[in-house]
Amino acid sequence: GRAKGQLLIVRGRVIDPTGNPVADADIEIWQANSAGRYAHPDDTNPAPLDPNFEGFGAVKTGPDGRYQFKTVKPLHYPAAPGMIRPAHIHFDVRGKRDELISQMYFEGDPYNSKDQFLQSVPDPEALIVKLAPSPAQPDFLVAEFDIVFRG
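The rules behind these values
- Residues numbered from 1 in each chain as written.
- Predicted model: local features only at pLDDT ≥ 70, side-chain atom pairs only at ≥ 80, totals over all residues.
- Heavy atoms only, no water.
- Helix = DSSP H or I, 4+ residues; strand = E, 2+ residues; numbered from the N terminus.
- Buried < 20%, exposed > 50% of the residue type's maximum accessible area, 1.4 Å probe, protein only.
- Contact = heavy atoms within 4.5 Å.
- Polar contact = N/O pair within 3.5 Å; in protein donor to acceptor, adjacent residues only side chain to side chain.
- Patch = residues over 30% accessible without salt bridge, like charges linked within 9 Å, V, L, I, M, F, W, Y side chains within 5 Å.
- Areas by Shrake-Rupley, 256 points an atom, 1.4 Å probe, with all protein chains shown as cover.
- Salt bridge = Lys/Arg side-chain N within 4 Å of Asp/Glu carboxyl O.
- Core = buried A, V, L, I, M, F, W, Y, C linked by side-chain atoms within 4.5 Å.
- Pairing = 2+ DSSP bridges.
- Phe/Tyr/Trp six-rings, centres within 6.5 Å; stacked < 30°, edge-to-face > 60°.

Chemist: Describe the overall build of the protein, naming the residues involved and giving the relevant values.
Modeler: Each helix and strand in the protein was counted, giving 1 helix and 12 strands. Walking the protein from its N terminus toward its C terminus, one meets helices and strands in the order β-β-β-β-β-β-β-β-α-β-β-β-β. In terms of principal-axis extent, the alpha carbons of the protein reach across some 45 × 35 × 30 Å. Taking all 151 residues of the protein together, 44% fall into the buried category. Taking contacts inside the protein between residues at least 6 apart in sequence as the whole, the part at least 24 apart equals 63%.

Chemist: Give me the side chain of Asp-16: which residues, what numbers.
Modeler: Take Asp-16: it is sitting in the loop between strand 1 (7–15) and strand 2 (26–31). At 2.7 Å, the side chain of Asp-16 and the side chain of Thr-18 are in polar contact. Each residue touching Asp-16, except ones within four places of it in the same chain, is listed here: Val-22, Val-148 and Phe-149.

Chemist: Explain a nonpolar patch on the surface to me, using residue names and the numbers behind them.
Modeler: Taken together, the side chains of Trp-30, Phe-56 and Ile-101 make up a nonpolar region of the molecular surface, amounting to roughly 330 Å² of accessible area. With relative accessibility at 57%, the residue Phe-56 sits in the exposed group.

Chemist: Outline the nonpolar core, listing residues and values.
Modeler: Within the largest apolar cluster, 25 residues are counted, with the highest numbers of intra-cluster contacts made by Val-10, Tyr-67, Phe-91 and Met-104. For Phe-91, the residues in contact, after removing those within four places along its chain, are Val-10, Ile-27, Glu-28, Ile-29, Trp-30, Tyr-67, Leu-100, Ile-101, Ser-102, Met-104, Phe-145 and Ile-147. Within the second largest apolar cluster, 7 residues are counted, among which are Ile-9, Phe-53, Phe-140 and Val-142.

Chemist: For the environment of Leu-131, give the residues involved together with the corresponding values.
Modeler: Mapped onto the secondary structure, Leu-131 falls in strand 10 (residues 131–133). Judged by relative accessible area, Leu-131 falls into the partly exposed class, the value being 25%.

Chemist: So what about the pattern of salt bridges? Which residues, and what values?
Modeler: Two side chains with opposite charge may pair up if their charged atoms get near one another. Applying the stated criterion across every chain, the model contains 7 salt bridges. One salt bridge in this structure joins Arg-94 and Asp-92, with 2.9 Å as the shortest N-O distance. Taking the relative accessible area as the measure of exposure, Arg-94 reaches 38% and is therefore partly exposed. Given the relative accessible area of 5%, Asp-92 is considered buried. Through salt bridges with shared partners, a single ionic network connects Asp-92, Arg-94 and Glu-99.

Chemist: Quick one: what's the story with the sheet that holds strand 8 (residues 99–106), residue by residue and with numbers?
Modeler: As summarised here, the arrangement of the 5 strands in space is 3-2-7-8-9, forming an open sheet in which the pairing is mixed. Two strands bound the open sheet, and with one partner strand each, they are strand 3 (56–60) and strand 9 (128–129). In the sheet, strand 2 pairs with strand 7 (residues 88–94) via 6 bridges, with the strands oriented antiparallel. Within the sheet, the bridge partner assigned to Ile-29 lies in strand 7 and is Phe-91.

Chemist: Go over the packing of aromatic side chains with me, naming the residues and quoting the values.
Modeler: On inspection of all chains with the given rule, the structure shows 4 aromatic pairs. Taking 6.2 Å as the distance between ring centres and 75 degrees as the angle between the ring planes, the aromatic pair formed by Tyr-67 and Phe-91 counts as edge-to-face. Note that Tyr-67 is positioned in strand 4 (residues 66–72) and Phe-91 in strand 7, a separation of 24 residues in sequence. Of the residues examined, Tyr-67 reaches a relative accessible area of 4% and is grouped as buried. Residue Phe-91 is classed as buried on the basis of its relative accessible area, which comes to 1%.

Below, the structure written as structure tokens:
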């Protein structure tokens, strides 16, 4: 079956600080489902699991540094008493020399302004994506998320 929730294409490029593509970078993502629950035994959130949602994916960038995932839009979730994490997707990017762990957030999430991780980075807007309709796949929204990485 298909995972529940808003279908989402997350795509972009991995580039080095001078704008050149980083080919063959390994990208892994992991995220909560559309109800705000991770498919992980340590997640104590009472939100339902989705048997059709794995919660992670892995790809390698092409020669042009491009990558793409098809997933569902995650939901915010309780992280601690009185603390709600905004909807986000975790990224782990690995090249020949470096590794970058980061998160991608969604424009308009009411919890973005209170998220300790997002607010700790010098330019929080660089980690926030705006969703757009997909002309080629009408059931999907698209998030463009470029990653600057040394490789």
